[in-house]
Protein chains: 2
Amino acid sequence: MVPRRPSISDVAALAGVSLGTVSNVLNRPHVVAASTRSKVEAAISSLGFVRNETARQLSSGHNRAIGLVVLDIGNPFFTDVARGAQEVAQDRGAVVLMADSRADERTERANVELFTQQRVQGVLIAPSGGDTAWVADLRRAGTPFVVIDRVVSGVGEHCAVSVDDRTGGELAVAHLLQLGHRRIAFVGGPSTLAQVADRRVGAEAAVEREAGASLLALSTGALTVDEGRRAADTLAALGDGERPTAVFAANDLVALGVLQGCVRHGLRVPADLAIVGYDDIDFAAAAAVPLSSVRQPRQELGRTGTELLLAEIAAQRDGVEHVHRTERFTPELVARASTVGH
Amino acid sequence: MVPRRPSISDVAALAGVSLGTVSNVLNRPHVVAASTRSKVEAAISSLGFVRNETARQLSSGHNRAIGLVVLDIGNPFFTDVARGAQEVAQDRGAVVLMADSRADERTERANVELFTQQRVQGVLIAPSGGDTAWVADLRRAGTPFVVIDRVVSGVGEHCAVSVDDRTGGELAVAHLLQLGHRRIAFVGGPSTLAQVADRRVGAEAAVEREAGASLLALSTGALTVDEGRRAADTLAALGDGERPTAVFAANDLVALGVLQGCVRHGLRVPADLAIVGYDDIDFAAAAAVPLSSVRQPRQELGRTGTELLLAEIAAQRDGVEHVHRTERFTPELVARASTVGH
DNA sequence: TCATCCGGTTGAACCGCTTCAAAGTCGTCC
DNA sequence: GGACGACTTTGAAGCGGTTCAACCGGATGA
């Protein structure tokens, strides 16, 4: 059987002091006399004592962790957000626990529940956008939360860091229109993803302002490279006069997939089909044809989101009134060869 | 101030049953009479009770979590490994906590300590390869661990899932030699990273077998796209007769960076410089010039690693003798345009 | 000499849950 | 009618820490 791990009282016994003193050495070393402290420290290292964070948290009621729920950990956009979050959290002595909801609402809610059960200080969440039952869960549990890359409507106030996806969609399509494209396809889905819906709304708005321009919507089952490739198959199957001359993809993974599909089908990018992606992940610039994309401040989203969250947590702890804030960033179009040629 | 969250005893009081009964409803519903169970369930939902996992864990001594320490969360290779791990863990009712060590030994050890403090069931770790103090930490704490993508030497037996990096390096360079390249550069670093060291050893072995072939080692500060670009700058600065005709990059991120750098400097790939990467991340195939790469079974590494870990945990729990295993996968060369042209 | 003060140290009371021996409660069976 | 199981439910003892009022003994000041 597993030997029991040394506990604080084993340390106390070995050092010949009381339990409380050991705890003090661990948490408030300055109140302990130097000689006592060194005795305790010797005992700690001789036993290989490792503080039990679980017990510590239970008795103190404090938790150092914050939860981060991302839509898709395979998307570099989210790992960049995570990095930003980690950075800030580490500075403030907090720990980030990360969970991947794989754009699935049930998984998303399960992850939030997991975090609530762990009694994390707060939750940073990039929601899928459909079912927002988790908001009610968190509210009820009194867990502070900040929404990333989205503002959830109809659930009352909350903090958020977001990038204006509607504007981003407009930017992308306006860029294509300006290059003379009139038949444009929007590739992305499912439309329950708020990201997809908003970017599309922006795209439509831009198209409507231009006489003679049309937007063909190609829905995908997910925002992945594979789905992008599949969409390219669909596009390639269309007749030359019928096929859109440009694609606005809901994110860079899809855009890269479309690009790969085009290469396979012998469609030239951008001559036969121009492509704009979204997120401007690092790999976009390194693609077969460097990808034009709508840039979001990825790490900055994570950083700012964490700061808002920690502020809300602090306010709650101190019983201070907290005013919810929404930090909104403006996206920016980065034009590369996939639209403007070489 | 924050209102206290409902506890199990609040539920018990409201339902008019004892504490133990509520616990039974939560953990062994079948032993509770249906009528009692529904009373308790009603109380739970009316109070919005969420089980405190911290307390549960402390008193039961069981933890559902396993820790995963990755080298670089920005590298899609590791997110794929993480996905494989999540998959298996979820099937077995375990939860994966992920931490990024950013290839830094201090962060790596801090992450391991964090997990030990949390009393996770076990740790899955992709080590940086230099300092292995964390092995001693885990051994002492009695925490089972499995090493991913590496076998740590000189620390006694342990479970591992690995891909033979030496062979991978040989494969890559043998491929280049076979294509007629004789001046080859190895780009990667720091050499304290075991991945880097082993791949390089393999590369050297292959070169030594070929008369007249040479290997120029270009060390980078990290395995990132940026560092790859910088290496390309160095290569581009060399005279035409002096410059290697092929590059073997220690991973795909570096390879993509080298590729971008070549494009910028007007070097044609593969005509002027052939490139082989390592890992075969999804983005490799979508690169400017589709990247030849040494493929590792990414998700499979995560899956198998988690299975080994769970097996070891189970053995420890049941007091059964556990025999450490090393699951070794064989890498595979995927040749694409970056070496074999169009 | 005695009251105060103060840096150190102590130990008991939790934190919220699991566990499990013991105690009910019924329906059966001899 | 009493013993015996099968089912349920109970309640108290931890799990390993944190917290904090109380205590201790020596220094200080009056």
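Residues numbered from 1 in each chain as written. Chains lettered and ligands numbered in written order. Predicted model: local features only at pLDDT ≥ 70, side-chain atom pairs only at ≥ 80, totals over all residues. Heavy atoms only, no water.

A. Main features of the overall build of chain A. Counting secondary structure elements, chain A contains 14 helices and 12 strands. The C-alpha radius of gyration computed for chain A amounts to 26 Å, which surpasses the reference 20 Å derived for 342 residues by more than 25%, pointing to a less compact arrangement than a globule. Along the first, second and third principal axes, the C-alpha set of chain A runs to 90 × 40 × 35 Å. With 342 residues in all, chain A has 54% of them scored as buried. Summarising the internal contacts of chain A: among those between residues at least 6 apart in sequence, 70% fall at separations of at least 24. For chain A, the exposed area adds up to about 13800 Å²; of that, 49% sits on carbon and sulfur atoms. (Helix = DSSP H or I, 4+ residues; strand = E, 2+ residues; numbered from the N terminus. Rg over C-alpha atoms; globule rule 2.2 N^0.38 Å. Buried < 20%, exposed > 50% of the residue type's maximum accessible area, 1.4 Å probe, protein only. Contact = heavy atoms within 4.5 Å. Areas by Shrake-Rupley, 256 points an atom, 1.4 Å probe, with all protein chains shown as cover.)

B. Looking closely at the nonpolar core. Ranked by internal contacts, the top residues of the largest apolar core, which has 151 residues, are F248 of chain A together with F248 of chain B. Not counting chain neighbours up to four residues away, the residues in contact with F248 of chain B comprise G169, A172, V173, L176, A185, F186, V187, R199, A203, V276, G277 and Y278 of chain B. Counting 38 residues, the second-largest nonpolar core is a separate cluster that includes V95, L114, F115 and V123 of chain A. (Core = buried A, V, L, I, M, F, W, Y, C linked by side-chain atoms within 4.5 Å.)

C. The pattern of salt bridges, seen in detail. All names here are of chain A. A full pass over the atoms with the stated rule returns 50 salt bridges over all chains. A salt bridge links D233 to R264; the nearest nitrogen and oxygen atoms lie 3.6 Å apart. With D233 in helix 10 (residues 225-237) and R264 in helix 11 (residues 252-265), this pair connects stretches of sequence that are 31 residues apart. R264 sits in the exposed class, given a relative accessible area of 55%. Where salt bridges share partners, they join D149, R150, D165, D198, R199 and D279 into one cluster. (Salt bridge = Lys/Arg side-chain N within 4 Å of Asp/Glu carboxyl O.)

D. Local environment of the relation of the copies chain B and chain A. For the pair chain B and chain A, the relating rotation is 180°, the translation along its axis is 0.1 Å, and the fit reaches an RMSD of 0.1 Å. Overall, the copies show the geometry of a two-fold rotation axis. When each C-alpha of chain B is compared by its distance to the rotation axis, A288 of chain B comes out closest, at 1.5 Å. Of all interface residues in chain B, 100% are interface residues in chain A too; the two copies therefore contact each other through one and the same surface. (Least-squares fit on C-alpha atoms with pLDDT ≥ 70 in both.)

E. Quick look at the protein's contact with DNA strand D. Lining the immediate environment of DNA strand D, one finds 26 residues, of which I8, S23 and S59 of chain A together with T21 and T36 of chain B sit closest. Of all atoms in DNA strand D that approach within 4 Å of the protein, 75% are sugar or phosphate atoms. At 3.3 Å, a backbone N or O of S59 of chain B approaches a base oxygen of DNA strand D. Of all the secondary structure elements, the ones that give two or more residues to the surface near DNA strand D are helix 2 (19-27) and helix 4 (53-60) of chain A together with helix 2 (19-27) and helix 4 (53-60) of chain B. For the surface near DNA strand D, the class distribution of residues is 9 nonpolar, 13 polar and 4 charged. (Near = heavy atom within 4 Å. Polar contact = N/O pair within 3.5 Å; in protein donor to acceptor, adjacent residues only side chain to side chain. Nonpolar A, V, L, I, M, F, W, Y, C, P; charged D, E, K, R; others polar.)

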